[in-house]
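Structural overview for review
This is what each chain is made of:
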Amino acid sequence: MPELPEVETIRQTLEPVLHGHRLLSSHIYECRLRWTLPDHLFESLHGALLLKITRRGKYLLWHFDVGRVMLVHLGMSGRLGMATPREPLAPHTHVTWEFSDSPLIYYRDPRRFGMIDVVNKERLNEHPRLQLLGVEPLSLQFTPKTLCQVSGHRNIKTVLMDHKVVAGLGNIYVNEALFMAGIHPQRQQCHLTKAECTLLVESIKSVLTRAIEQGGTTLRDYRDARGEPGFFSLSLQVYGRENEPCLKCQTPIRRSVQSGRSTYFCPQCQNLH
DNA sequence: AGACCCCTGGAC
DNA sequence: GTCCAGGGGTCT
């Protein structure tokens, strides 16, 4: 479900509620996630003050004043939200956290592809899920060079989906950025011109920035931490538009499958050579 | 690079 | 019933 703009929107809607509040208690209702939650995972955080929530790729990092950090990844169907203490928990609720003077925070994940972990601050960058992540796409470190330096003959869509190269992109925004840049998803990365790499980097930054401004993309069930949907769905140019006319040239949008994921593109506007 | 795996739920 | 889904880890 959530790609970088959705995770960032959740961060932005959750942090103002929790920052400066103390974690009083937590409860694990369902320990089966991508990796099973240990019984006492959150114990070291009880009584700790939440300093801030940051984001790295699609991971949310909850920094506590005891030198511990909680990592949360939402997988495909994970959701962080707020509930009143009395209301019954929705199905597939894995964890709830009770913070001082705050609504009850829950994590819910029907497909169980998400993960939650807690680590020492000093060990954060060595965490197996973080240490191999590439650059942040909205940072100054993400440049045309990032794409040029990748070795091999992979197609450009696969390269952009590779979090070791650039962290946080997903299927929606890769499709959208490639359309915006006029680059066919099956182009070999090593055959892109410098100008195309530049345009692609600009397109990625542009589409992510606009998506964050719209609160992300709600296709089915994505909601921010307040329960609000995202409105970038209204701005999608190719994703999910198979057989619909290209918004630039009217040619029907095509769908193919690359690495098991749907790829949407305009065969007219997106150059293969 | 690609196939397969992990899961549930919704559309058809 | 079948197919599909915004994730990614782990094998060959």
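This text goes with the structure placed above it.
A brief look at the structure comes next. (Residues numbered from 1 in each chain as written. Chains lettered and ligands numbered in written order. Predicted model: local features only at pLDDT ≥ 70, side-chain atom pairs only at ≥ 80, totals over all residues. Heavy atoms only, no water.)

Some details on the overall build of chain A
The helix and strand tally for chain A stands at five helices and 10 strands. By the compact-globule yardstick of 19 Å for 273 residues, chain A fits well, its C-alpha radius of gyration being 20 Å. Overall, chain A is about 60 × 35 × 30 Å in size when its C-alpha atoms are taken along their principal axes. Here the contacts in chain A between residues at least 6 apart in sequence split such that 65% fall between residues at least 24 apart. (Helix = DSSP H or I, 4+ residues; strand = E, 2+ residues; numbered from the N terminus. Rg over C-alpha atoms; globule rule 2.2 N^0.38 Å. Contact = heavy atoms within 4.5 Å.)

Looking at the sheet that holds strand E6 (residues 93-99)
The antiparallel open sheet is built from four strands, whose spatial order is E1-E6-E7-E5. This sheet does not close on itself; its edge strands, each paired only once, are strand E1 (23-28) and strand E5 (79-83). On average, adjacent strands in this sheet sit at an angle of 20 degrees to one another, irrespective of strand direction. Examined bridge by bridge, E6 and strand E7 (residues 104-108) share four bridges and lie antiparallel to one another. Directly across from valine 95, in E7, lies its bridge partner tyrosine 107. (Pairing = 2+ DSSP bridges. Axes fitted to C-alpha atoms, helices over the stretch in contact; angles between N-to-C directions.)

Focus on the protein's contact with DNA strand B
The full set of residues close to DNA strand B is His92, Pro110, Arg111, Arg112, Phe113, His153 and Arg154. Within the side chain of arginine 111, an N or O atom sits 2.8 Å from a base oxygen of DNA strand B. When its residues are assigned to classes, the surface near DNA strand B shows two nonpolar, two polar and three charged. (Near = heavy atom within 4 Å. Polar contact = N/O pair within 3.5 Å; in protein donor to acceptor, adjacent residues only side chain to side chain. Nonpolar A, V, L, I, M, F, W, Y, C, P; charged D, E, K, R; others polar.)

Points about the protein's contact with DNA strand C
Close to DNA strand C lie 26 residues, the nearest being Met1, Tyr222, Tyr239, Arg261 and Ser262. If you look at DNA strand C and keep only atoms within 4 Å of the protein, 58% of those are sugar or phosphate atoms. At 3.5 Å from a base oxygen of DNA strand C is found a main-chain nitrogen or oxygen belonging to aspartate 221. At 2.4 Å from a phosphate oxygen of DNA strand C is found a side-chain nitrogen or oxygen belonging to tyrosine 239. Sorting the residues of the surface near DNA strand C by element identifies helix H4 (171-181) and strand E10 (261-265) as the ones contributing at least two each.

So, the packing of aromatic side chains
Scanning all chains against the criterion turns up six aromatic pairs. With a centroid separation of 5.5 Å and 80 degrees between ring planes, the pair formed by phenylalanine 42 and tryptophan 97 is classed as edge-to-face. Linking phenylalanine 42 in the loop between E1 and strand E2 (50-56) with tryptophan 97 in strand E6, this pair joins segments that are 55 residues apart in sequence. Given the relative accessible area of 2%, phenylalanine 42 is considered buried. (Phe/Tyr/Trp six-rings, centres within 6.5 Å; stacked < 30°, edge-to-face > 60°. Buried < 20%, exposed > 50% of the residue type's maximum accessible area, 1.4 Å probe, protein only.)

Considerations on the pattern of salt bridges
Counted according to the given criterion, the structure contains 12 salt bridges. Glutamate 15 is the partner of arginine 11 in a salt bridge, and the nearest nitrogen-oxygen pair spans 3.6 Å. Taken as a pair, arginine 11 and glutamate 15 lie in helix H1 (residues 4-18) at a separation of four residues, close to a single helical turn. By relative accessible area, which is 18% here, arginine 11 ends up buried. (Salt bridge = Lys/Arg side-chain N within 4 Å of Asp/Glu carboxyl O.)

So, the nonpolar core
Counting 30 residues, the largest nonpolar core has Trp62, Met70, Leu80, Trp97 and Ile116 as the members making the most contacts within it. Mapped by element, the contributors of at least two residues to this core are H1, E2, strand E3 (59-64), strand E4 (68-73), E6, E7 and strand E8 (115-120). When near neighbours in sequence (up to four residues on either side) are disregarded, leucine 80 contacts Ile10, Leu14, Leu60, Trp62, Val72, Leu74, Trp97, Tyr106, Tyr107, Asp224 and Ala225. If you look at the next biggest cluster of nonpolar residues, it comprises 26 residues, including Leu160, Ile172, Leu192 and Leu236. (Core = buried A, V, L, I, M, F, W, Y, C linked by side-chain atoms within 4.5 Å.)

Looking at the layout of surface pockets
Computed from the structure, the largest pocket encloses a volume of approximately 1,100 Å³. Looking at the largest pocket, it is lined by 36 residues, and the ones nearest its centre are Lys58, His73, Gly75, Met76 and Arg261. Of the residues that make up the lining of the largest pocket, three or more belong to each of domain 1 (4-126) and domain 2 (144-265). (1 Å grid on protein atoms, 1.4 Å probe; cavity = no way out; pocket = protein on both sides within 12 Å on 5 of 7 lines; lining within 4 Å. Points joined across faces, edges and corners; volume = space filled by probe spheres on them. Domains from an automatic or database assignment.)

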